[in-house]
Structure formats: C-alpha cells, structure tokens
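Coordinates in review
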Amino acid sequence: MEYNFDEIIDRSNSDAVKIEVLKSQWGRDDLLPLWVADMDFRTPACVTDSILKRCERGILGYTVTPDSYYDAIRNWVSKRHNWKIKKEDICYSPGVVPGIAFALHAFTNPGDKVLVQPPVYYPFFLVTRRNNRQLVYDPLVLKAGQYRMNTEHFRKAIKGCKLFILCNPHNPGGRVWSKKELAEIAEICYENGTVVVSDEIHADLALPGFKHTPFAKVSKKARNNCVVLMSPSKAFNMPGLSSAYAIIENSKLRKKFSSVIEANELRGGHIFAFRSTEAAYTEGEKWLSEALTYIAGNIAFLDEFIKKYMPLIHAVRPEASYLVFLDCRELRLNQKELVHFFVDKAHLALNDGSMFGSEGKGFMRINVGCPRSILEKALHQLKTAYDGLKDTISVSK
C-alpha cells in the first residue's frame, strides 16, 4: 500500500471527543476508545494540504462557494455512484444531522409523525424529539446475520407519517440496501405522501464486493420524493470540518429545504468546507480505496478472532463502513451488566447498543477504523474479560 494505516497517531491533547469525554461518560479515562465514528487513520494529505494552502493566502475573509466545489461533487457521484446531477440540485449543509433537522422544519410541523427504523443511528431520535415531532418505529429484523426490512410492517407503520428518515447504508448494522428493497419503500412512501430523507453519509464506505445505491436513483418516484444527504466526512476522516450537502432533484422540495437554511443564515458555509470537499473528491480516491481494503481486513480479523475465542459473541458483519455491531445476547447479561463487562472488565469504550433503540439491547458497537495493532489489543482485552465470564455463563446454563 502507498498509505500507512498501521501508523499510530497520538490524539491526546487534541480535543478529540473519543478521549476527552471518557471520564464524564464512563467515570474513568483508562479505556481503549473505539466508540466515536471517526477513524484513527491520518486524514489524507490532499485534504489537509488544501486547508494549509488556503491559510497561506494570509486572509480568512468572506468567501463565495466556488464552482469547482459543485463540479467536484457532481463528478464524484457520477463516477462513484453513476448518478448524474445538476449544480442546482446541490445544497450545502453544515452536517448531515443538521440536514435532517432542516428537512424536519421544511416538510413537517410540530406534532407530525416521523418514521425511523431501529436499531438506527441515535441522532435520528434526538433531532426528531428535540424538534417536537412524534417518532414512529418500524424495527428492522436481524435474520441470518444481517438486518432486513419488514415491508409489510413498513406499509402499516408509514400511515400518517410526513417524513421517513432512512439510513442508507445502515448504521449500526452496516447493510447496503439493495435497489429492490429501496424501490419497494420508495413506492410505499410516494403513495402515502411521505417525504424520504436518506442519510447516505456512509455511501462511499461500501466495502469491497458491495455497491451503494443512492435512494434517488431507484425510481422516478424516489427521485421526486426525497432529500439525499451526503458528505466526505466519514469516508475521508474529516468530520470536524462540518462539510455536507443535500442533493434534491425535485425543485419544489429543494426550494422548501433551502428556505430553512436561508432563514437560519447557514447557506454560506465556510472556506475549509468547500476546499476540503473538493480536494477529497478530486485527489483522494486512491487513499479511500486503500483505506477500504485495510478496514475490510480489520473486519475479517475481528470476525475470525471472535468466532475462535469468544463464540457467544457474534459480529453483525457490515457491508459498509468501519462500524461493527456486536451481538452479545448469548452472554445473558442485562444491558447495565453488559456495559459494565465491556468498561470495567475489558476496559473498552464502545457504544452501548441500546442508544440505537430498544432493539439494540444486548449489543455493543465497535469502531474498527484503527491500526490493526490497536484492534488486536482491544480484542485481547475483551478475550481476557470473556474468559473470566464464561465459567459463570456455563454455571448459569
């Protein structure tokens, strides 16, 4: 490989959330942090160089959105996802979650119903509740090691919902939804007058052998009834730059969405968001390809290690992203005991599965976007804790 993903970068004293929040979150700061969804790989040089070059100009003044920013996005989604879009379809957003909040204000009113599919990225719940909308749940089904949609339940649950927030690819399960699955829910949402907001922040992290399908591409009805939210932040390890965008091909929906951004004076974006996105999409493809190969290797290593040494834990093997949902239900621990096991016995800081909804109870989410040596250390710590627990499990059986 041209890039060194084995490099260990000291993130202490850098205001990194994954480190700075340990004490307040778990009451101890001696945990190996594999929870926050950023990677421990060096951000590609093309991105950091774009920022340094802009700073070298000496003045960080007001700026317009350069045409090259729009060109970079259009060329990237065309090459990566075979999706042809126009410049006017693109709306800057200071993040994907803020984009969901803008959509809530654009297409719903306080008290309106909003559908989500737990277990799912927990800000879907938070942003909906905080904006005084009513959550409706359409739980996913874990079958044969992968999450599936229950179309019949979806058809009933969507009734009366003004908005559906889709996670595509899914987080924390890592499913790359098929065109057939997406087309079915697109048809149902269109029939019910439900606007779809598709969070596609993990789109560029589809692992080797899998292909992401943008929701808007599956049918004409999908294209005319959705807001697709994308960002280079996850794929190129640059989430601190608050750089995301919405692609909305329906001009009426786009006007409503844009009016919310304009009303809150957020349309302007910032210098580094534009230049870093452009750099990632025009110069970062080889880095991303190698990163995905490395991540796939980490996932395989984790899966094999767990199967060999901790057979009561099962990895929900992702088809996209560096996040792995661990099914720990066979340990027969309640959620509080499970968190205690990972924190105080294995000395690991992972995401508590219940934060993704009640369907996540019995699960933990681990981030494998890190050097292999760190992942090995984490798994050996987990094995030591597991070995101390398995005799208790055998007795309880």
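Residues numbered from 1 in each chain as written. Predicted model: local features only at pLDDT ≥ 70, side-chain atom pairs only at ≥ 80, totals over all residues. Heavy atoms only, no water.

Structural notes on the overall build of the protein
- Along the backbone of the protein there are 14 helices and 15 strands.
- In terms of overall dimensions, the protein is globule-like: its C-alpha atoms have a radius of gyration of 21 Å, near the 21 Å expected for 397 residues.
- The principal-axis extents of the C-alpha atoms in the protein amount to approximately 65 × 55 × 40 Å.
- For the protein, buried positions account for 56% of its 397 residues.
- Of the roughly 17,500 Å² of accessible surface on the protein, a fraction of 50% belongs to carbon and sulfur atoms.
- Of note, the protein has its 54 positive side-chain charges centred 6 Å away from the centre of its 45 negative side-chain charges. (Helix = DSSP H or I, 4+ residues; strand = E, 2+ residues; numbered from the N terminus. Rg over C-alpha atoms; globule rule 2.2 N^0.38 Å. Buried < 20%, exposed > 50% of the residue type's maximum accessible area, 1.4 Å probe, protein only. Areas by Shrake-Rupley, 256 points an atom, 1.4 Å probe, with all protein chains shown as cover. Lys, Arg positive; Asp, Glu negative; His and termini not counted. Charge placed at Lys NZ, Arg CZ, Asp CG, Glu CD.)

Points about unusual backbone geometry
- A cis geometry characterises the amide bond from Pro 118 onward to Pro 119, with omega recorded as 0°.
- Examined against the element boundaries, Pro 119 turns out to sit in the loop between strand S3 (113–116) and helix H6 (123–130).
- The peptide bond linking Asn 168 to Pro 169 adopts the cis configuration, its omega dihedral lying at 0°.
- Inspection of the secondary structure assignment puts Pro 169 in the loop between strand S7 (161–167) and helix H8 (179–192).
- The phi angle at Asn 82 is positive, at roughly 55°, despite the residue not being glycine.
- Relative to the helices and strands, Asn 82 resides in the loop between helix H4 (67–81) and strand S2 (90–93).
- With a relative accessible area of 52%, Asn 82 lands in the exposed category.

Concerning the packing of helix H3 (residues 45–55) against helix H11 (residues 271–283)
- Relative to each other, H3 and H11 sit at 140°, their axes nearing to 8 Å. Overall, the two elements H3 and H11 adopt an arrangement that is oblique. The element H3 and its partner H11 pack so that their crossing is right-handed. Within the contact between the two elements, H3 uses Cys 46, Val 47, Ser 50, Ile 51, Arg 54 and Cys 55 and H11 uses Ile 271, Phe 272, Arg 275, Ser 276, Ala 279, Ala 280 and Glu 283. (Axes fitted to C-alpha atoms, helices over the stretch in contact; angles between N-to-C directions. Parallel < 35°, antiparallel > 145°, perpendicular 65-115°, else oblique. Left-handed = near helix turned anticlockwise from the far one by under 90°. Contact = heavy atoms within 4.5 Å.)

Considerations on the nonpolar core
- Membership of the largest hydrophobic core comes to 106 residues, with the highest contact counts inside it found for Leu 302, Leu 326 and Phe 342.
- Looking at this core, the element that brings in the most residues is helix H12 (residues 285–309), giving 10 residues.
- Not counting chain neighbours up to four residues away, the residues in contact with Leu 326 comprise Leu 302, Ile 306, Ile 313, His 314, Ala 315, Phe 342, Leu 350, Gly 362, Phe 363, Met 364 and Ile 366. (Core = buried A, V, L, I, M, F, W, Y, C linked by side-chain atoms within 4.5 Å.)

Things to note about the packing of aromatic side chains
- Scanning the model with the defined rule gives 24 aromatic pairs in all.
- A centroid spacing of 5.4 Å and a plane angle of 70° characterise the contact between Tyr 69 and Tyr 70, whose relative ring orientation is edge-to-face.
- Over the face of the ring belonging to Tyr 294 we find Arg 372, whose NZ or CZ atom lies 5.3 Å from the ring centre. (Phe/Tyr/Trp six-rings, centres within 6.5 Å; stacked < 30°, edge-to-face > 60°. Lys NZ or Arg CZ within 6 Å of the ring centre and 35° of its normal.)

Observations regarding the sheet that holds strand S10 (residues 244–247)
- Taken in spatial order, the seven strands make up an open sheet running S2-S10-S9-S8-S7-S3-S4, and their pairing is mixed. Two strands close off the open sheet at either side, each with one partner strand: S2 and strand S4 (134–137). Here the average twist between neighbouring strands, direction ignored, is 25°.
- The pairing of S2 with S10 spans four bridges and is antiparallel. Bridging from a neighbouring strand, Ile 90 pairs with Ile 247 of S10.
- Seen against the sheet, H4 touches S2, strand S9 (226–230) and S10 and runs at an angle of roughly 70° to S10. (Pairing = 2+ DSSP bridges.)

Focus: the sheet that holds strand S12 (residues 323–327)
- Strand order in the open sheet formed by four strands is S11-S12-S15-S14, and the pairing between neighbours is antiparallel. Both outer strands of the open sheet, strand S11 (314–316) and strand S14 (351–352), are each paired with one neighbouring strand and no more.
- In the sheet, S12 pairs with strand S15 (residues 363–367) via five bridges, with the strands oriented antiparallel. If you follow Val 324 over to S15, its bridge partner there is Ile 366.
- Running over the sheet, H12 touches S11, S12 and S15 and is turned about 15° from S12.
- Together, S12, S14 and S15 form the strand contacts of helix H13 (residues 335–345), whose direction differs from that of S15 by roughly 30°.

Observations concerning the pattern of salt bridges
- On inspection of all chains with the given rule, the structure shows 23 salt bridges.
- Taking the shortest distance from any N to any O, the salt bridge between Arg 28 and Asp 30 comes out at 2.7 Å.
- Of the charged contacts in the structure, one is a salt bridge between Glu 187 and Lys 221, with a shortest N-O distance of 2.8 Å. Note that Glu 187 is positioned in helix H8 and Lys 221 in helix H9 (residues 220–223), a separation of 34 residues in sequence.
- Three or more residues joined by partner-sharing salt bridges are found here, namely Arg 11, Lys 18, Asp 38 and Asp 40. (Salt bridge = Lys/Arg side-chain N within 4 Å of Asp/Glu carboxyl O.)

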